[in-house]
Amino acid sequence: MSICRSLTLLLIALVCLLSLPATAQENDPGKALLINLAEAPASKVEEAVNAIVSSGDERARGWLEAYGNNRLSRVKDTGQVVLVLNNRGRDWEIADPLTGENMGEMSRRELDRVAINNTIRGQLEGILAMLDLNAPDPKVREASAQDMMGKVDASLVEPLEAQLVQEDNAGVRDRIALALAIYRVGEGNVEAVDVLAGSLHPRARAALNEAARSDNQELAASATRALESIEQKLKLNRAAETLYFGLSLGSVLVLAAIGLAITFGVMGVINMAHGELIMLGAYTTWGMQQLFPGQPGLALILSIPAGFMVAATAGIIIERSVIQYLKGRPLETLLATFGISLILQQLVRTVISPQNRTVVTPEWMSGSLVINDALSLTLNRLYVLAFALIVFAGLMLIMRKTRLGLEVRAVTQNRAMARSMGIRATRVDIMTFALGSGVAGLAGVALSQLTNVGPNLGQNYIIDSFMVVVFGGVGNLWGTLIAGLSLGTINQLLEPWAGAVLAKIIVLVFIILFIQKRPKGLFPQKGRAAEG
Amino acid sequence: MECGTADAVAPVRFMTNCTLKPKTEPKTQLKKRTHNMSLKKHVKLGLSALALSISFNSVAAEDPIKVGILHSLSGTMAISETVLKDTVEMLIEQQNAKGGVLGRQMEAVVVDPASNWPLFAEKARELLAQEKVDVIFGNWTSVSRKSVLPVVEELNGLLFYPVQYEGEESSENVFYTGAAPNQQAIPAVNYLMNEIGVERWVLAGTDYVYPRTTNKILETYLMDMGVAKEDIMINYTPFGHSDWQNIVSDIKRFGSAGKKTAVVSTINGDANVPFYRELGNQGIAASDIPVVAFSVGEQELSGIDTAPLVGHLAAWNYFMSVDNDANYDFIDQWIEHTGNEQAVTNDPMEAHYIGFNMYVEAVKKAGTTDVDAVKDAIIGVTVPNLTGGYAAMMPNHHITKPVLIGEIQDNGQFSVVWETPSLVAGDAWSDYLPGSRDMIADWRKPMFCGTFNTATGTCGASAGEMAAADE
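Here is what the cut-offs are and how they apply
- Residues numbered from 1 in each chain as written.
- Chains lettered and ligands numbered in written order.
- Predicted model: local features only at pLDDT ≥ 70, side-chain atom pairs only at ≥ 80, totals over all residues.
- Heavy atoms only, no water.
- Helix = DSSP H or I, 4+ residues; strand = E, 2+ residues; numbered from the N terminus.
- Rg over C-alpha atoms; globule rule 2.2 N^0.38 Å.
- Buried < 20%, exposed > 50% of the residue type's maximum accessible area, 1.4 Å probe, protein only.
- Contact = heavy atoms within 4.5 Å.
- Areas by Shrake-Rupley, 256 points an atom, 1.4 Å probe, with all protein chains shown as cover.
- Lys, Arg positive; Asp, Glu negative; His and termini not counted.
- Charge placed at Lys NZ, Arg CZ, Asp CG, Glu CD.
- Patch = residues over 30% accessible without salt bridge, like charges linked within 9 Å, V, L, I, M, F, W, Y side chains within 5 Å.
- Salt bridge = Lys/Arg side-chain N within 4 Å of Asp/Glu carboxyl O.
- Buried area = accessible area lost by both parts, 1.4 Å probe.
- Polar contact = N/O pair within 3.5 Å; in protein donor to acceptor, adjacent residues only side chain to side chain.
- Nonpolar A, V, L, I, M, F, W, Y, C, P; charged D, E, K, R; others polar.
- Pairing = 2+ DSSP bridges.
- Axes fitted to C-alpha atoms, helices over the stretch in contact; angles between N-to-C directions.
- pLDDT = per-residue confidence, 0-100.
- Phe/Tyr/Trp six-rings, centres within 6.5 Å; stacked < 30°, edge-to-face > 60°.
- UniProt positions renumbered as here; feature names shortened; annotations may be inferred.
- Expected span 1.5 Å × (residues − 1).
- Bend = angle between axes of the 7 residues up to and from the residue.
- Domains from an automatic or database assignment.
- Right-handed = clockwise from strand over helix to strand, strands pointing away.

### Considering the overall build of chain A
Scanning chain A from N- to C-terminus turns up 23 helices and seven strands. For a compact globule of 532 residues, the expected C-alpha radius of gyration is about 24 Å, and chain A comes in at 30 Å, more than 25% above that figure. Considering only C-alpha atoms, chain A reaches an extent of 90 × 65 × 35 Å along its principal axes. Among the 532 residues that make up chain A, the fraction classed as buried is 48%. Taking as baseline every contact in chain A between residues at least 6 positions apart, the subset at least 24 positions apart corresponds to 64%. When the accessible surface of chain A is totalled, it reaches about 25,400 Å², and 61% of it is carbon and sulfur. In chain A, 47 side chains carry a positive charge and 46 a negative one; their mean positions are 17 Å apart.

Following this line, the structure appears as structure tokens:
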């Protein structure tokens, strides 16, 4: 299809080059079609759109897409319809929709947008999906059939039925049949209910729900039966979905807290600037995206090492300049690092901007992984979940299997003894703090895909991080993982029942009570280290 | 500073006053000051007469009109409020270039209440008592306005408040140039109901006073319109909420009941970004379940990747994309003033534009900047807005506005899809809340009351008193 289209475009361009542009445009039927669309009052727009579709013009798809994206405008003086290529700023770049020729920039004042609203856009999506049903790639066909759900109207029934007969891919056939059945149930067709009976698609359920309320006794009864059979399956899916939500929220908590589990848990430094280290990681992602414009995916992947390095460097500076002088004085450390967090926030506000920065989500992280019609896992959160587990595994490896890990454990258990064994305790302190800070930076990279990148990013996570570390048991990485995931799940289980605000409060109260009972958290450290 | 600012006179004169007055004056200073003041006035009169008689730059000799600007320049609200400070400064510059008002120049007095609600009251007091400003433009959040109310009423100041708010208030000293609920929320719901055919409603908001009051009004309104209770879902989230999975999934489930569903969002600030992103990721398109937002404007969109938001709606009284020459001129001036080609304009900026011009007109009409005279003169003043119409100050201190519904576009702008056929006058007291139904505000004599109860025929406490009692 795409090759076909570019070929025809090329042909059109050639024809235009050969003939005189002026006469070609005068005789172009497309011109009348577009002006007709631009001038149509709201009630006639559908007719004008259909006229464009039925003209069979190869350029129709491009026009309709531009129309759907608000990119079709009229020049106020001449009445000419133009494509808007770039609509940012005060001067817009425009092109001729008939020839595709770039017409340069024109002041926004001179242009009048061809109006569209959601109702028309919905119909347009149906029409565009219909055009795509002829695509050679079955995946494209299936996606467009999926788009047809709930958008079928009387005019589309006949072409869809024809499509159903000639379609050879079973998946696509299923989708088309479902889309048709949804339309038919809406029209009061009882037999179509059976097609919808097993489907989990929200549109199918919407159609059945509507049918169940209808005055037609027979239709209402069979729709109610079909709904009951769906309900059971839905409950299972809903449970799986809630579990996924919980794990996903948990993974965010784990990511935010795991760096703190090193600096606070292992080293015993109360680092209130931990949130700002996360923020630095997130800003690094933004910075990388500025360095690689148009390649958000590559920028994101490069941000992983870059975010780690930036936050680790900041960590080293904080450790050398402040924390090392406050060893063993937790209250002073708390106040000093709180001051650092304010300084870092203000620094970002002054140097970059007090406004949030836009971090683009790469294509492969948007959308969701569809398990079935009722259960789909959002991709960005799936990636973050996986990323959290990888980071955790990596940290475990470092702490358990490397010399650094061994030295860290030795220094934290008995500093004097470790030093007398020839371990350079100061160097270990720096390395450990850098590691914890770097991991916070990694959390920032991941969070930039889920939440806002702004000066306040860190503040939103600092309390949660301490909560997870304390709940899990200070100094225990496994504890942090289990605590994060379980707190996330508890929160998501409570949320539909209690609301977001109350759920958070309940979780906090629960932790307070838990700490009363077990002051050392879920997995208290045992042995002599616990007393030290 | 003390002797100079106590009575804002032309620079030359207060210099001499300062030197005349011994710095370490004993306790008799208070008594002496009144004497000193009248003396000053005489000097001032004499001076201006002299200036006039020799026609020597009479403008410079006259006091400037002092305009207080009370917007947070630091803290969480700085994002939104800083641009409003710049807007007022730009308007003052323009007015001065036109020769000022009544032959007097205008002068901005900027203070920073730092997103700290009690500090707003202190700074307002500083502006009115020390700086002796003639008018204040300021505030964003309702809680900051409530904190300032008792002060402006006590010291009889003038405050222009430019942001959409929950209503239920009308003060003698405050002019509400932003939208009341009947100028934003109710028309938006009407649009969804009549044009889109929405039958099922999700009212989602951030957990504080504006969304709670607005949603209460909307719920009553919807029930009055015959919407069943089970077709309304209400949800509140904390400030800066970022985990929307469950709520979006709930909305999706709520929307699959076979009736057209829409979300009316009073979600505030940057919590909107993860919300819309989650909507996009869970596959809810604007054509399935449209979201109409009351707190998302051009300024907020400039920090967002707008791709997942395209097609969702917002209701305001102004959009930067409005196709109108007055608007284009305003944008050109704004870009020139900020020196930033990407600078955006938004609804509260237009509200300040209207409020500022109304104040200027009222001062011209009254022939003085005396607060009571201006309060009297401003009712009925009509100035052009930026959407091609006119805004008039109503007796309840609210103004008339058109209501526009815009769709979010991929360039961070809105395209207008619908607009009220005529202007809507702001309603201080909602008709859809018990207790406020019978209340009216009318600041014309003889009623002169912001809380007049038509059922009992009595005038209640002033807005400032109520705000003070709430604290």
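This is not the end of the story, as more comes after the structure.
### A closer look at a nonpolar patch on the surface
Residues A:Leu502, A:Ile505, A:Val509 and A:Leu513 make up a contiguous nonpolar surface patch of about 360 Å² in total accessible area. Given a relative accessible area of 57%, A:Leu513 falls into the exposed group.

### Quick word on the interface of chain A and chain B
Counting residues at the interface gives 59 residues for chain A and 56 residues for chain B. Between chain A and chain B, roughly 4,900 Å² of surface is buried when both sides are summed, and carbon and sulfur atoms account for 37% of that area. Considering only the side of chain A, the residues that lose the most area to chain B are A:Arg90, A:Arg109 and A:Asn118, jointly responsible for 14% of the buried surface there. Linking chain A with chain B are 12 salt bridges, by the criterion used here. Salt-bridge contacts for B:Asp332 lead to A:Arg90; the nearest nitrogen and oxygen are separated by 2.8 Å. Taken together, chain A and chain B are joined by 33 residue pairs in polar contact (both at pLDDT 80 or more). Those elements giving two or more residues to the side of chain A that touches chain B turn out to be β5 (111-113), α6 (118-132), α11 (202-212), α12 (217-266), β7 (376-378), α16 (379-401), α21 (477-498) and α22 (500-517) of chain A. Residues that form the side of chain A that touches chain B fall into these classes: 15 nonpolar, 24 polar and 20 charged.

### Here's the deal with the pattern of salt bridges
Going through the model one piece at a time under the given rule, you end up with 42 salt bridges over all chains. A salt bridge links B:Glu361 to B:Lys364; its shortest N-O distance comes to 3.7 Å. Highlighted residues: B:Glu361 and B:Lys364, both in helix α14 (residues 347-366), separated by three residues, approximately one helical turn. Since its relative accessible area comes to 33%, B:Glu361 is described here as partly exposed. Each member of the salt-bridge network shares a partner with another, and the members are A:Arg90, A:Arg109, B:Asp325, B:Asp329, B:Asp332 and B:Glu341.

### A few points about the sheet that holds strand β7 (residues 232-237) of chain B
All names here are of chain B. Taken in spatial order, the seven strands line up as β7-β6-β8-β9-β10-β14-β15 in an open sheet, and their pairing is mixed. The open sheet has two free edges, formed respectively by β7 and β15 (414-419), since each of these has just one partner strand. Averaged over neighbouring strand pairs, the angle between their axes works out to 25° when direction is ignored. Bridge count for strand β6 (residues 200-206) against strand β8 (residues 261-266) is six bridges, and the pairing is parallel. Among the inter-strand pairings, Gly205 is bridged to a residue of β8, identified as Thr266. Against the sheet, helix α10 (residues 245-254) makes contact with β6, β7 and β8, and its axis sits at roughly 175° relative to β7, the strand it touches most.

### Section: the confidence of the model for chain A
Detailed reading of the predicted model is not advised wherever pLDDT is low. Within chain A, residue pLDDT values average 86, and 94% of them lie at 70 or more. Below pLDDT 50 for its whole length, residues 13-23 of chain A participates in two contacts with residues either more than four positions away or in separate chains.

### A short note on the packing of aromatic side chains
All names here are of chain B. Going through the model one piece at a time under the given rule, you end up with 24 aromatic pairs over all chains. Here Tyr221 and Tyr432 contribute two aromatic rings whose centre-to-centre distance is 4.8 Å and whose plane-to-plane angle is 80°, an arrangement assigned as edge-to-face. Remark: Tyr432 occurs in the loop between β16 (424-425) and β17 (439-442) and Tyr221 occurs in helix α9 (residues 209-224); sequence separation between them is 211 residues. Between Phe275 and Tyr276 the ring centres are 5.5 Å apart and the planes differ by 55°, which places this aromatic pair in the tilted class. Judged by relative accessible area, Phe275 falls into the buried class, the value being 0%. Among the aromatic residues, those joined into a ring-pair cluster are Phe137, Phe160, Phe175, Phe356 and Tyr359.

### A look at the UniProt feature "transmembrane region" (unreviewed entry) in chain A
Residue and element names in this part refer to chain A. When the UniProt feature table is mapped onto this chain numbering, "transmembrane region" (unreviewed entry) sits at residues 243-270, 298-318, 330-348, 382-399, 430-450, 462-485 and 497-515. For residues 430-450, the end-to-end C-alpha separation is 31 Å, with 86% helix and 0% strand making up the annotated structure. Strand forms 0% of residues 462-485 and helix 83%; the C-alpha atoms that close the span are 17 Å apart.

### Examining helix α14 (residues 296-321) of chain A
For α14(A), with 26 residues, the first-to-last C-alpha span of 35 Å sits near the 38 Å given by 1.5 Å per residue. Where α14(A) bends most, the angle comes to about 40°, and this point is A:Ser303, followed within four residues by the proline A:Pro305.

### Some details on the domain arrangement of chain A
Parsing chain A into structural domains produces domain 1 (2-116), domain 2 (136-236) and domain 3 (239-357 + 370-531). One C-alpha centre belongs to domain 1 of chain A, the other to domain 3 of chain A; they are set 52 Å apart.

### Some words on the pairing of β8(B)
Residue and element names in this part refer to chain B. The buried count for β8 comes to six of six residues, which makes it a mostly enclosed element. Because side chains alternate across β8, one face comprises the buried residues Thr261, Val263 and Ser265, and the other comprises Ala262, Val264 and Thr266, equally buried. Relative to strand β9 (residues 291-293), β8 is paired through three bridges, and the arrangement is parallel. Pairing of Val264 across the sheet is with Val292, part of β9. A crossover connection joins β8 to the parallel β9 through helix α11 (residues 272-281); in handedness this β-α-β unit is right-handed.

### Quick look at unusual backbone geometry
Residue and element names in this part refer to chain B. Between Lys445 and the following residue, Pro446, the backbone shows a cis peptide bond with an omega angle of 10°. Locating Pro446 in the fold gives a position in the loop between β17 and β18 (449-453). For Ala114, which is not a glycine, the phi torsion comes out positive at approximately 55°. In this fold, Ala114 is placed in the loop between β2 (106-111) and α6 (117-130). Phi at Glu168 takes a positive value of approximately 65°, unusual for a residue other than glycine. Summarising the element assignment, Glu168 is placed in the loop between β4 (159-161) and β5 (174-176). Owing to a relative accessible area of 19%, Glu168 belongs among the buried residues under this scheme.

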